[in-house]
Amino acid sequence: MAYQTRHPAVHPTVIAWISIGSNLDLPVAQVRHALGALATVPESTLLWQSHLYQTAPVGGITQPAFINAVARLQTALQPRALLSHLQTLEAAAGRHRADEIYWGPRVLDLDLLSYGTTHSTDPELILPHPRLHERAFVLIPLAEFDPELIIPGCGCIADHLPAVAGQSITRIPDSTWETSACNARSAQA
């Protein structure tokens, strides 16, 4: 009798880049928690995360500064399934999209910046993100990973950095956000 060894199906994986932002309800703690939550996304592995950055809001609405970061995720999920998980994480943090002002303050914003080499013009999931190359809060953390990183459809990160040089962005020292996270845990206890 011949035996066959069964191996679990191996799904191809891709690299997805996610931006994380918050400017409400202890934003440093929100971003740190979101980074931890990304490590729990099914069929995915969190490979890298940037430092945290404080950035000025865009869109002209008066609101607090944002805390931002980016993450590199290896995933076997399809783009829409990954987006659904990101939106579930946002909702778990208290985000209510229906009640928001466009480009207004938010407790957590997780944007799928790119998904492998996928190009999509679907209004519900445009890939790569249409304003990725215009935002210092995305480009600077991506450049931290690799300034020569190529985002399909956008080109090399370094080529876009001069255009965002005037945007306000400050890297938060690790000791500051570690202390803030500890303070946030104490405040919630």
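Above this text sits the structure in question.
Residues numbered from 1 in each chain as written. Predicted model: local features only at pLDDT ≥ 70, side-chain atom pairs only at ≥ 80, totals over all residues. Heavy atoms only, no water.

Enquirer: I tried to follow the pairing of strand 4 (residues 66-75) on my own but got confused; where do I start?
Expert: A regular strand places its side chains on the two faces of the sheet in alternate fashion. Burial within strand 4 is extensive, with eight of its ten residues counted as buried. Two strands pair when backbone bridges link them, and strand 1 (residues 14-22) and strand 4 are joined in this way by nine bridges, in the antiparallel orientation. The partner of S22 across the bridge, within strand 4, is I67. Here strand 2 (residues 44-49) runs beside strand 4; their pairing, made up of five bridges, is antiparallel. The residue of strand 4 that forms the bridge with L46 is L73. Here strand 3 (residues 53-55) runs beside strand 4; their pairing, made up of three bridges, is antiparallel. Each bridged residue has a counterpart across the sheet, and for Q54 the counterpart in strand 4 is I67. (Buried < 20%, exposed > 50% of the residue type's maximum accessible area, 1.4 Å probe, protein only. Helix = DSSP H or I, 4+ residues; strand = E, 2+ residues; numbered from the N terminus. Pairing = 2+ DSSP bridges.)

Enquirer: Explain the pattern of salt bridges to me, please; I cannot follow it from the model alone.
Expert: Side chains that differ in charge, positive against negative, can pair when their charged atoms come close. Tallied over the full model, the rule gives five salt bridges. The residue E90 makes a salt bridge to R95 at a minimum N-O spacing of 2.9 Å. Given the relative accessible area of 9%, R95 is considered buried. Linking D109 and R95 is a salt bridge whose minimum nitrogen-to-oxygen distance equals 2.9 Å. Of this pair, D109 sits in strand 5 (residues 109-115) while R95 sits in the loop between helix 2 (79-92) and strand 5, and the two are 14 residues apart along the sequence. Via salt bridges that share partners, E90, R95, R106 and D109 belong to a single interconnected network. (Salt bridge = Lys/Arg side-chain N within 4 Å of Asp/Glu carboxyl O.)

Enquirer: Whenever I open this one, the pairing of strand 1 confuses me. Can you help?
Expert: Burial analysis of strand 1 places seven of its nine residues in the buried class, which makes it a mostly covered element. Bridging between strand 1 and strand 5 involves six bridges; their strand directions are antiparallel. Residue pairing across strands places S19 opposite D111, the latter belonging to strand 5.

Enquirer: Please explain the nonpolar core as it appears in this structure.
Expert: Most often, soluble globular proteins keep nonpolar side chains buried together rather than apart. Of all hydrophobic cores here, the largest spans 28 residues; its most connected members are I18, I20, L38, L52, L82, L110 and L112. With six residues, helix 1 (residues 27-38) is the largest single contributor of residues to this core. Look past the residues within four positions of L38 in its chain and what remains in contact with it is I18, I20, L46, A71, L73, L86 and L89. Counting 16 residues, the second largest nonpolar core, distinct from the first, contains L132, F137, L149 and V164. (Core = buried A, V, L, I, M, F, W, Y, C linked by side-chain atoms within 4.5 Å. Contact = heavy atoms within 4.5 Å.)

Enquirer: Would you explain helix 1 in this entry?
Expert: Given 3.6 residues to a turn, an α-helix orients residues that are three or four positions apart in the same direction. Over its twelve residues, helix 1 runs 16 Å from end to end, which matches the ideal 16 Å to within 8%, given 1.5 Å per residue. Within helix 1, the full set of buried residues consists of V28, A29, Q30, V31, A34, L35, A37 and L38. (Expected span 1.5 Å × (residues − 1).)

Enquirer: Would you explain the environment of E134 in this entry?
Expert: Relative to the helices and strands, E134 is located in the loop between strand 7 (125-127) and helix 3 (136-145). Note on E134: relative accessible area 37%, which makes it partly exposed. Each C-alpha atom, one on E134 and one on V164, is 6.5 Å from the other, the two residues being 30 residues apart in sequence. Excluding residues within four positions of it along the chain, E134 makes contact with V164 and Q167.

Enquirer: I tried to follow the packing of aromatic side chains on my own but got confused; where do I start?
Expert: Under the defined criterion, the tally for this structure stands at three aromatic pairs. Between W17 and W48 the ring centres are 6.0 Å apart and the planes differ by 70°, which places this aromatic pair in the edge-to-face class. Placement of W17 in strand 1 and of W48 in strand 2 is noted, with a sequence separation of 31 residues between them. Ring centres of W17 and F145 lie 5.1 Å apart, and the angle between their planes is 65°; this geometry places the pair in the edge-to-face category. Of the two residues, W17 sits in strand 1 while F145 sits in helix 3, which places them 128 residues apart along the sequence. Aromatic ring contacts, followed pair by pair, group W17, W48 and F145 into a single cluster. (Phe/Tyr/Trp six-rings, centres within 6.5 Å; stacked < 30°, edge-to-face > 60°.)

Coordinates in, geometry out; function isn't part of it.
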